[in-house]
Amino acid sequence: MSLVLVSPEPSAPDQTTATATTETPMARPDPAALAEKNRQEEQVLKKRFIGMVLGLVFAHVYVALALAYSYMDNLNHLHTCWLPLFGAFICGMIFVFHVSIS
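In this text the structure is predicted, and so the values were computed from the model without any measurement. (Residues numbered from 1 in each chain as written. Predicted model: local features only at pLDDT ≥ 70, side-chain atom pairs only at ≥ 80, totals over all residues. Heavy atoms only, no water.)

Trainee: What exactly am I supposed to notice about the overall build of the chain here?
Mentor: When its secondary structure is counted, the chain shows 3 helices and 2 strands. Taken from N to C terminus, the helices and strands of the chain fall in the order α-α-β-β-α. The burial tally for the chain puts 11% of its 102 residues in the buried class. Sequence-distant contacts, at least 24 apart, represent 56% of the contacts inside the chain between residues at least 6 apart. Summed over all atoms, the accessible surface of the chain reaches about 9300 Å², with 68% contributed by carbon and sulfur. (Helix = DSSP H or I, 4+ residues; strand = E, 2+ residues; numbered from the N terminus. Buried < 20%, exposed > 50% of the residue type's maximum accessible area, 1.4 Å probe, protein only. Contact = heavy atoms within 4.5 Å. Areas by Shrake-Rupley, 256 points an atom, 1.4 Å probe, with all protein chains shown as cover.)

Trainee: Could you clarify how one ought to interpret helix α3 (residues 82-101) in this entry?
Mentor: The periodicity of an α-helix, 3.6 residues per turn, causes residues three or four positions apart to be oriented the same way. Taking 1.5 Å per residue, 20 residues should reach 28 Å; α3 reaches 29 Å between its end C-alpha atoms and fits that length. Structurally, α3 contributes buried residues whose contacts are with α2 (31-69). (Expected span 1.5 Å × (residues − 1).)

Trainee: I tried to follow the side chain of His98 on my own but got confused; where do I start?
Mentor: If you trace the backbone, His98 turns up in helix α3. Filtering out sequence-adjacent residues up to four positions away, His98 remains in contact with Arg48, Gly51 and Met52.

Trainee: I would appreciate a short explanation of the packing of α2 against α3 in the present structure.
Mentor: Between two packed helices, the angle of one axis relative to the other and the distance separating the axes together describe the packing. Interaxial distance between α2 and α3 falls to 8 Å at its minimum, and their mutual angle equals 160°. One way to sum up the angle between α2 and α3 is to call them roughly antiparallel. The hand of the α2/α3 crossing is left-handed. Here Arg48, Gly51, Met52, Gly55, Leu56, Phe58, Ala59, Tyr62, Val63, Leu65 and Ala66 of α2 lie close against α3, whose contacting residues are Pro84, Leu85, Gly87, Ala88, Cys91, Gly92, Ile94, Phe95, His98, Val99 and Ile101. Classifying every residue of the contact of α2 with α3 by side-chain character gives 16 nonpolar, 5 polar and 1 charged. (Axes fitted to C-alpha atoms, helices over the stretch in contact; angles between N-to-C directions. Parallel < 35°, antiparallel > 145°, perpendicular 65-115°, else oblique. Left-handed = near helix turned anticlockwise from the far one by under 90°. Nonpolar A, V, L, I, M, F, W, Y, C, P; charged D, E, K, R; others polar.)

Trainee: Would you take a moment to explain the environment of Ala88 for this structure?
Mentor: Tracing the backbone through its elements, the reader meets Ala88 in helix α3. In this structure the C-alpha to C-alpha distance between Ala88 and Ala66, which are 22 residues apart in sequence, comes to 8.8 Å. Residues in contact with Ala88, not counting those within four places in the same chain, are Ala59, Tyr62 and Val63.

Trainee: Sorry if this is basic, but what is going on with unusual backbone geometry here?
Mentor: The bulk of non-glycine residues show a negative phi, and the bulk of peptide bonds are trans. At Asn76, a residue that is not glycine, the phi angle is positive and equals roughly 60°. Among the residues examined, Asn76 registers a relative accessible area of 60% and is labelled exposed.

Trainee: What am I meant to see in a nonpolar patch on the surface here?
Mentor: Taken together, Phe49, Ile50, Val53, Leu54, Val57, Phe58, Val61, Tyr62, Leu65 and Tyr69 make up a surface patch of nonpolar side chains, about 890 Å² in accessible area. Inspection of the secondary structure assignment puts Phe58 in helix α2. (Patch = residues over 30% accessible without salt bridge, like charges linked within 9 Å, V, L, I, M, F, W, Y side chains within 5 Å. Salt bridge = Lys/Arg side-chain N within 4 Å of Asp/Glu carboxyl O.)

Trainee: What's the story with the environment of Leu67 in this structure? I'm lost.
Mentor: As for its placement among the helices and strands, Leu67 is situated in helix α2. Remark: the alpha-carbon pair of Leu67 and Thr80, spanning 13 residues in sequence, is separated by 7.8 Å.

If you want it as structure tokens, here you go:
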């Protein structure tokens, strides 16, 4: 025994979607506008790349400064200069920011 669903009205394709796709053909983009847009995007990418490089370099510089200013006393206690480590953290965040938006 099988169950068959029967509807009283015949199924017809929806005419509203067929007319919406046949409007006007796509216009060709202006080459000068595309060139200007590409030039602006390249400038933005160049600035982001410079930000990435500077962030990474300065993060390493600050870690080196933190190591240079850290010392051990006579009781074998390590004394760390926290300001360069904070600078390294900030520069690392600048690097990560520029990597994430690129």
